[in-house]
Amino acid sequence: MERRTTWESSKKRLVTRTRRRPEETVLYRLVYGYRDELSFSWEERFQPEYGALRDEVLAAFDAYLNCGILLHGCARAECEKCDHSE
């Protein structure tokens, strides 16, 4: 006899999900604290040795800082049949 899994029995096995908190990490605070200083001081401090600071670098920093912050949006999944969402 095949045992069918119901939502109620499956719900008990679900692991409670918690939001990532990237803003609490050391790397996030470092990038957040020095991103603007890097763009302002690059030409004087680093350009002679490393060349111009590419826009892609600052865009990558900005994308990193926005990732995982709920203010910038989030994903939500919803069942089309029963409207359950997570």
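From a predicted model like this one, the values you see are computed outputs, not experimental measurements. (Residues numbered from 1 in each chain as written. Predicted model: local features only at pLDDT ≥ 70, side-chain atom pairs only at ≥ 80, totals over all residues. Heavy atoms only, no water.)

(A) Highlighting the overall build of the chain. When its secondary structure is counted, the chain shows four helices and zero strands. Across the chain, helices and strands are ordered from the amino to the carboxyl terminus as α-α-α-α. Look at the contacts in the chain between residues 6 or more apart in sequence, and 50% of them connect residues 24 or more apart. Put simply, the chain shows about 8100 Å² of open surface, and 54% of that area lies on carbon and sulfur atoms. (Helix = DSSP H or I, 4+ residues; strand = E, 2+ residues; numbered from the N terminus. Contact = heavy atoms within 4.5 Å. Areas by Shrake-Rupley, 256 points an atom, 1.4 Å probe, with all protein chains shown as cover.)

(B) Layout of the confidence of the model for the chain. Here the chain averages 82 in pLDDT, while 73% of its residues score no lower than 70. Mean pLDDT across the elements of the chain ranges from a minimum in helix 1 (residues 7–13), with 65, to a maximum in helix 3 (residues 47–50), with 96. (pLDDT = per-residue confidence, 0-100.)

(C) Here's a closer look at the side chain of Ser-41. Along the polypeptide, Ser-41 turns up in helix 2 (residues 26–45). At 2.7 Å, the side chain of Ser-41 forms a polar contact with the backbone oxygen of Glu-37. (Polar contact = N/O pair within 3.5 Å; in protein donor to acceptor, adjacent residues only side chain to side chain.)

(D) Representation of the side chain of Arg-35 within the structure. The topology assignment puts Arg-35 in helix 2. By relative accessible area, Arg-35 is classed as buried at 15%. Residues contacting Arg-35, with those up to four places away along its chain left out, are Leu-58, Phe-61 and Asp-62. (Buried < 20%, exposed > 50% of the residue type's maximum accessible area, 1.4 Å probe, protein only.)

(E) Just the packing of aromatic side chains, in detail. Inspection of every chain in the model, using the stated rule, returns five aromatic pairs. Plain terms: the ring middles of Tyr-28 and Tyr-32 are 6.3 Å apart, the flat faces sit at 10° to each other, and that makes the pair stacked. Of this pair, Tyr-28 and Tyr-32 both sit in helix 2, separated by four residues, roughly a single helical turn. Tyr-28 gets classed as buried once you look at its relative accessible area, which sits at 9%. Aromatic pair Tyr-28 and Tyr-64: ring centres 5.9 Å apart, planes at 45°, arrangement tilted. Of this pair, Tyr-28 sits in helix 2 while Tyr-64 sits in helix 4 (residues 55–66), and the two are 36 residues apart along the sequence. Taking relative accessible area as the criterion, Tyr-64 reaches 30% and is therefore assigned partly exposed. Three or more aromatic residues link up through ring pairs in this structure, and these residues are Tyr-28, Tyr-32 and Tyr-64. (Phe/Tyr/Trp six-rings, centres within 6.5 Å; stacked < 30°, edge-to-face > 60°.)

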